[in-house]
Amino acid sequence: MRVGIITYHFPYNSGAALQCLALQTVLQNLGNDVSIINYRPWYHQNRYTPHKKIIFSMQDFYEKNTNLKPIKRMTKSVHFGYKTLYFNLFQSKEFKICDKKFSGFIKSYLNETCVYRTWEQLKSAPPKCDAIISGSDQLWNTTLTNGEFDPSYFLTFVPENCRKATYAIGANFLDNPSTLMKVGRLLNGLEMISLREEKFLRSIKRVCGENTQLYQHIDPTLLLKQCDYEKFESSQIQFSQSPYILTYTMGDKSQGRVYSAAKKLREETGLSIIDITGNPLRKDTVFGVDSIKTGPDEFLSYIKNARYVITNSFHGTAFSIIYHKQFVVVPHSKTGNRVTDLLERVGLSSRWSENVDTCIETLKNSIDYTYVEDKIDSLKQESLKYLSLVCCSNKN
């Protein structure tokens, strides 16, 4: 079967690229011909390009700030345009480094279609597929889709003769009648919906049709084992025999606690700290820890060779589990529920901590990965059964 995947596969974020690669690999292993629908809307693409479009940045700011008075709104939009120009002149070097690392990985391993910029382009010339899957990652998170739901990620462009489903979608929206009404309209025609977190599963259940099948599934990265990722790891990094503490963070106030815990662990163990932050513009002066910009292949290798991992990231957590690391999570203040939901499902709810001292104590307690793998295998079978059903030859 020809299966298309639409997701965030192009941001400078290792988790985004690897969740797409994992789902592609799993679907291929099930005997399908898989392609990645190369949907790169400007509102999203402009965040991940070495040279940002100034006009679009101004327009984006203007459209998002409708609460401002007209003159102030226009003035601030122009100011934002100057900030974008400053970025292009003085900060784009950092993004060029990331662009090279991520673009090379994507071209090597993901089977992309032609580029689509708008829903209209997808609707007028959709990729030739028997089934299209939306997922995984935060596709129904309005803070990432320009403040509004993007109908493309609800598969409203898909022809009637093509099966459409989601897999382990991440969601984040206001749970109020107005928003749920919009969600209900966008879900019309989606027969199989799979979400990653339980929180929004309950909300969506209230607005779905009677024939809609709702599921909760694990992130696609967890459908593969460590040995499956070996061929995607970097062969360019030369690791010494010295063990190290790895930190991987996404921008948030919880970062300070991550680095404080790492420094305290360094004092107790004498191990060095390696930081592979998820922010391409992150400087090493804020927390006093040197930061390395990595592509997805390097991300895998650094996690594989770490003695300890301290993170506030969902995929930092997921790959710590995949590589059987001794790790602790300091939950992100805005997205921490994703991590705690995952940890509870695999029997590791004790591996997150808000406090620096308890982070250290947590790391001293070894994880029984035999028990964890049993949990993951059970969840994995549920996911594979669902994906096999999505990709079966008969469309109802």
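Residues numbered from 1 in each chain as written. Predicted model: local features only at pLDDT ≥ 70, side-chain atom pairs only at ≥ 80, totals over all residues. Heavy atoms only, no water.

S.K.: Help me understand the overall build of the chain, please; the structure alone is not making it clear to me.
M.R.: Secondary structure summary: the chain contains 14 helices and 13 strands in total. Each of the three principal axes of the chain carries a C-alpha extent, and together these read 60 × 55 × 40 Å. Burial statistics for the chain: of 396 residues in total, 55% are counted as buried. Taking the contacts inside the chain whose residues are at least 6 apart along the sequence as the reference set, 75% of them involve residues at least 24 apart. Carbon and sulfur atoms form 49% of the exposed surface of the chain, whose accessible area is close to 18,100 Å². When the 50 basic and 39 acidic side-chain charges of the chain are each reduced to a single mean position, those positions are 6 Å apart. (Helix = DSSP H or I, 4+ residues; strand = E, 2+ residues; numbered from the N terminus. Buried < 20%, exposed > 50% of the residue type's maximum accessible area, 1.4 Å probe, protein only. Contact = heavy atoms within 4.5 Å. Areas by Shrake-Rupley, 256 points an atom, 1.4 Å probe, with all protein chains shown as cover. Lys, Arg positive; Asp, Glu negative; His and termini not counted. Charge placed at Lys NZ, Arg CZ, Asp CG, Glu CD.)

S.K.: Is there a simple way to think about unusual backbone geometry in this case?
M.R.: Note: most peptide bonds trans; most residues except glycine with negative phi. Omega for the bond connecting G135 with S136 falls within 30 degrees of zero, at 0°, which places this linkage in the cis form. Here S136 shows up in the loop between β4 (131-134) and β5 (137-141). If you check the backbone angles, N146 has positive phi at about 65° while not being a glycine. With respect to the helices, strands and loops of the structure, N146 is situated in the loop between β5 and β6 (163-166). Although it is not a glycine, H324 adopts a positive phi angle of roughly 55°. A relative accessible area of 36% means that H324 is categorised as partly exposed.

S.K.: Honestly, the packing of aromatic side chains in this entry has me stumped. Any pointers?
M.R.: Given two aromatic rings, their pairing is described by the distance between the two centres and the angle made by the two planes. Here the structure, examined in full by the defined rule, presents 16 aromatic pairs. With a centroid separation of 5.5 Å and 65° between ring planes, the pair formed by Y39 and Y153 is classed as edge-to-face. Pair noted here: Y39 is in strand β2 (residues 33-39) and Y153 is in the loop between β5 and β6, with a separation of 114 residues, a long-range link. Both residues of the pair, Y39 and Y153, belong to the buried class. One Lys or Arg, R196, reaches over the ring of F314 and ends 4.0 Å from the middle of that ring. We note R351 situated over the ring of F327; from NZ or CZ to the ring centre the distance is 5.8 Å. (Phe/Tyr/Trp six-rings, centres within 6.5 Å; stacked < 30°, edge-to-face > 60°. Lys NZ or Arg CZ within 6 Å of the ring centre and 35° of its normal.)

S.K.: Can you walk me through the sheet that holds strand β11 (residues 272-275) in this structure?
M.R.: Across a sheet, paired strands are connected by hydrogen bonds in the backbone, their directions being either parallel or antiparallel. Strand order across the open sheet formed by four strands is β11-β10-β12-β13, with parallel pairing between neighbours. Both outer strands of the open sheet, β11 and β13 (326-329), are each paired with one neighbouring strand and no more. Sheet twist, expressed as the mean angle between neighbouring strand axes with direction ignored, is 20°. Pairing analysis gives four bridges linking strand β10 (residues 244-248) to β11, with the strands arranged parallel. Counted as the bridge partner of L246 is I274 from β11. Together, β10 and β11 form the strand contacts of helix α10 (residues 296-304), whose direction differs from that of β10 by roughly 140°. (Pairing = 2+ DSSP bridges. Axes fitted to C-alpha atoms, helices over the stretch in contact; angles between N-to-C directions.)

S.K.: Explanation requested: the side chain of T179 in the structure shown.
M.R.: Mapped onto the elements, T179 comes out in helix α6 (residues 177-187). We classify T179 as buried; its relative accessible area is 13%. In this view, T179 contacts F149, F173 and L174; residues no more than four positions away in its chain are not counted.

S.K.: Teacher, can you tell me more about the state of the cysteines here?
M.R.: Where two cysteines share a covalent bond between their sulfur atoms, that bond is called a disulfide. Evaluated as defined, the whole model comprises zero disulfides. Cysteine C114 is unpaired, with the sulfur of C129 as its nearest cysteine sulfur at 11 Å. Looking at C391, it has no disulfide partner, and the nearest cysteine sulfur is the one in C392, 8.2 Å off. (Disulfide = S-S within 2.5 Å.)

S.K.: I'm lost on the pairing of strand β8 (residues 192-195) in this one. Help?
M.R.: The side chains of a regular strand alternate between the sheet's two faces. Along β8, one buried face is formed by M192 and S194 and the opposite face, lined by I193 and L195, is buried too. Relative to strand β9 (residues 213-216), β8 is paired through four bridges, and the arrangement is parallel. By the bridge assignment for β9, S194 is matched with Y215.

S.K.: Sorry, what's going on with the pairing of strand β1 (residues 2-6) here?
M.R.: Counting buried positions along β1 gives four out of five residues, so the element sits mostly inside the fold. Strand direction decides the pairing type here: β1 and β2, joined by four bridges, are parallel. Across the sheet, R2 pairs through a bridge with D33, a residue of β2.

S.K.: What exactly am I supposed to notice about the packing of α10 against helix α11 (residues 314-322) here?
M.R.: The relative placement of two packed helices is expressed as an angle between their axes plus a distance between the axes. Packing of α10 against α11 leaves a shortest axis separation of 10 Å and a crossing angle of 55°. Here α10 is positioned oblique relative to α11, judged by the angle of their axes. Judged by the twist between their axes, the crossing of α10 over α11 is right-handed. Here α10 contributes F299, L300 and I303 to the contact with α11, which in turn contributes H315, G316, F319 and S320. Among the residues making up the contact of α10 with α11, the classes are represented as four nonpolar, three polar and no charged. (Parallel < 35°, antiparallel > 145°, perpendicular 65-115°, else oblique. Left-handed = near helix turned anticlockwise from the far one by under 90°. Nonpolar A, V, L, I, M, F, W, Y, C, P; charged D, E, K, R; others polar.)

S.K.: Could you clarify how one ought to interpret the environment of R307 in this entry?
M.R.: With respect to the helices, strands and loops of the structure, R307 is situated in the loop between α10 and β12 (308-311). For R307, a relative accessible area of 43% translates into the label partly exposed. Along the chain, R307 and P243 lie 64 residues apart, while their C-alpha atoms are 5.6 Å from each other. Contacts of R307, omitting those with residues within four sequence positions, involve P243, Y244, L271 and Q326.

The analysis is restricted to geometry; functional conclusions fall outside its scope.
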